[in-house]
Amino acid sequence: MSAHSPTQRRLTPDEVARLVRASFGPGPAVADCGPLGGGGFAAVWWVRLDDGREAVLKVAPPPDARLLRYERDLCAAEARYFRLVAAHAPRVPVPPLLHHGADPAYGEWLVMGLLPGRSLADLAADGGVDDGPARFDSGVALAALHTVTGARFGYDDAHRPSGATWREAFGAMVDALLADAADWDVRLPAAPEWIRALVGRHAPALDAVRRPALLHFDGWDGNVLAAPGPDGRLRLTGLVDGERFLYGDPLMDLVSPLLLRKVEDEPDHPVLRGYRSAAPLDLDAAAARRLSLYRMYLYLLMVVEMPSRGMTPDSHPERHTDLADLLHQELTDLARD
Ligand SMILES: Nc1ncnc2c1ncn2[C@@H]1O[C@H](COP(=O)(O)OP(=O)(O)OP(=O)(O)O)[C@@H](O)[C@H]1O
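Calculation rules
By convention here, each chain's residues receive numbers from 1 onward along its written sequence. Note on the predicted model: pLDDT of at least 70 is required for a residue's local features to be given, and 80 or more for side-chain atom pairs to be given and counted; whole-chain, interface and lining totals, by contrast, use all residues. Put simply, DSSP H or I for four residues or longer makes a helix, DSSP E for two residues or longer makes a strand, and each gets a number counted from the N terminus. C-alpha atoms define the radius of gyration, and 2.2 Å times the number of residues to the power 0.38 defines the globule rule. Exposure in this text rests on C-beta crowding, where 20 or more other C-beta atoms within 10 Å of a residue's own make it buried, 12 or fewer make it exposed, and counts in between make it partly exposed. The C-beta atoms are placed from the backbone. The contact rule is simple: place each C-beta atom from the backbone, and if two of them lie within 7 Å, those residues are in contact. All the domain ranges listed were derived from an automatic or database domain assignment. Residues are sorted three ways: Asp, Glu, Lys and Arg are charged, Ala, Val, Leu, Ile, Met, Phe, Trp, Tyr, Cys and Pro are nonpolar, and all the rest, Gly among them, are polar. UniProt positions are given in the numbering used here, feature names are shortened, and annotations may be inferred rather than shown by experiment. We call a residue near a molecule or strand when the C-beta position, derived from backbone atoms, sits within 6 Å of it.

S.K.: How should I be thinking about the overall build of the protein in this particular structure?
M.R.: Broken down by element type, the protein carries nine helices and twelve strands. For 337 residues, the compact-globule estimate of 2.2 N^0.38 gives 20 Å, and the protein sits close to it at 20 Å. Overall, the protein is about 60 × 45 × 40 Å in size when its C-alpha atoms are taken along their principal axes. Within the protein, the proportion of its 337 residues that are buried is 40%. Taking as baseline every contact in the protein between residues at least 6 positions apart, the subset at least 24 positions apart corresponds to 69%.

Here's what the structure looks like:
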């Protein structure tokens, strides 16, 4: 059962037309529009403008929505991500940013170009689709993103976790999620102090990461767009939804594309083959330990974000149990190491 997330506004065509007017003034107006499914955080609509262009309107949660600590100002973060990628990793397909709007009372929104293709999640629902070439391309694209280097580790703004070292930034990111869990009364499968101590015990493994690489971090199948190329095979057409970007260990970006699976178990996965065709990728024991820390982080995040998305253990018992089990398994593996 899906829930309507309180972070996701319910837009109407009139509101879309108003936001487009606020973005372009007397310029192009809306000829047609409709909601785009697939996301769960923001409100996202496709828009056909009367000058013939096709765009996407993405509206941030209302200013009074309760969010996790790291989710502050994600609309502005996504605008920075699109600009960064266009300037420094231009071969990675991201939409052109047409407008970043902000109104103190209403909140923020983006207007961007509509990319061709459908998400891998959407395509998979058709069944029998060979998406291997598109996944290979997404590995190549991630390797290109990772050539971009940040000024520090973690998030790039002042009010979210960051640090001069990856150990410091990652520790602060875990602490922020544990503080969110406490605020939202989220039941975790282990005591927060124990999770914090476990991360502290493995922190030396993080010191191998010396360069803050640009990470998309949310490259699950819903955010990877693909369409048939000239030979009819599915190729990458977009890596969207960059609002959660940060700087850190490139390995962290391999967790979401293999969501609920293990990178170490699938060394020939097309994403990894694509990545390796463009950059070195060593999946040794040290890498496996870091991957385990990053999966632990992602499962923790997915458990902790449930109430802010309108989901509780009572309303979504299976989701909560499955994520808590996965989190518990990673914690157990890390405790054994
Ligand atoms: N520029 C674009 N061109 C084409 N399709 C897009 C574009 N931007 C977003 N989409 C589609 O709309 C969907 C929702 O957008 P997006 O993922 O940015 O929303 P979200 O609410 O932030 O999602 P999430 O819950 O993953 O955080 C995407 O999965 C993608 O399929």
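S.K.: Sorry, what's going on with the domain arrangement of the protein here?
M.R.: Quite often, the size of an interface is put as the accessible area lost when its parts meet. Domain parsing of the protein yields domain 1 (13–113) and domain 2 (118–336). On a C-alpha basis, the centres of domain 1 and domain 2 stand 24 Å from each other. On the domain 2 side, the residues contacting the 26 residues of domain 1 number 33 residues. In the side of domain 1 that touches domain 2, the residues fall into 15 nonpolar, four polar and seven charged.

S.K.: Sorry if this is basic, but what is going on with the UniProt feature "domain: Aminoglycoside phosphotransferase" (unreviewed entry) in the protein here?
M.R.: Within the UniProt annotation, "domain: Aminoglycoside phosphotransferase" (unreviewed entry) is assigned to residues 37–276. This span, residues 37–276, is 32% helix and 21% strand, and a straight line between its end C-alpha atoms measures 32 Å.

S.K.: It is not clear to me how the site of the ligand should be interpreted in this structure. Could you clarify?
M.R.: Around the ligand, 20 residues are found, and the nearest of them are G38, G39, G40, P95 and D241. Tallied by class, the residues present in the shell around the ligand amount to eleven nonpolar, seven polar and two charged. Residue assignment places the shell around the ligand across two domains, with domain 1 (13–113) and domain 2 (118–336) each supplying three or more.

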